[in-house]
Amino acid sequence: MKISPVLRRAGALLIFKCPGCQRNHGIRVRALSSPGDRNGPGWEWNGDTHQPTFSPSVLVRYDGADAGIDGAPPAVCHSFVVNGQMQFLGDCTHALAGQTVPLLPWPDEEPA
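Since this is a predicted model, take the numbers as computed values, not measurements.

(A) Geometry of the side chain of R8. Mapped onto the elements, R8 comes out in strand β1 (residues 8-10). At 3.4 Å, the side chain of R8 and the backbone oxygen of S4 are in polar contact.

(B) Just the nonpolar core, in detail. Within the largest apolar cluster, 24 residues are counted, with the highest numbers of intra-cluster contacts made by F16, F54 and F88. Contributions of two or more residues to this core are made by β2 (13-17), β5 (54-62), β6 (75-82) and β7 (85-88). For this core, the element with the highest residue contribution is β5, accounting for four residues.

(C) Layout of the pattern of salt bridges. One pass over the structure, following the stated rule, counts one salt bridge. Taking the shortest distance from any N to any O, the salt bridge between E44 and R30 comes out at 2.6 Å. Of this pair, E44 sits in strand β4 (residues 44-45) while R30 sits in the loop between β3 (24-28) and β4, placing them 14 residues apart in sequence. The exposure class of R30 is partly exposed, given its relative accessible area of 25%.

(D) A look at the environment of F80. Within the secondary structure, F80 is located in strand β6. With 26 residues separating them in the primary sequence, F80 and F54 have C-alpha atoms 7.1 Å apart. Apart from the residues within four sequence positions on either side, F80 is in contact with P56, S57, Q85, M86, Q87 and L89.

Rules used throughout
- Residues numbered from 1 in each chain as written.
- Predicted model: local features only at pLDDT ≥ 70, side-chain atom pairs only at ≥ 80, totals over all residues.
- Heavy atoms only, no water.
- Helix = DSSP H or I, 4+ residues; strand = E, 2+ residues; numbered from the N terminus.
- Polar contact = N/O pair within 3.5 Å; in protein donor to acceptor, adjacent residues only side chain to side chain.
- Core = buried A, V, L, I, M, F, W, Y, C linked by side-chain atoms within 4.5 Å.
- Buried < 20%, exposed > 50% of the residue type's maximum accessible area, 1.4 Å probe, protein only.
- Salt bridge = Lys/Arg side-chain N within 4 Å of Asp/Glu carboxyl O.
- Contact = heavy atoms within 4.5 Å.

Put into structure tokens, the structure is as follows:
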């Protein structure tokens, strides 16, 4: 379900497009979880749908184009999302490592 230009919601997950690894990242947000499930792992969210902040950082490991070739590890996308900006950490394996860029908007015609 579209909740803003930059966020989609699927149950307790908030999903955003990543400009670094060009993948969608979904995180379980405690505020959207059922009451009995709020003590498990999850992210804090500032509640802002247009300029979200999530805590802690978002770490995603995935099979990038070179994963496993000549012993290469899986690709890494690691960021803080603060006020609608993705602050990519130095351990990212994509070209935006060390940079801060805005969250990508979802195309209007794209389903959640």
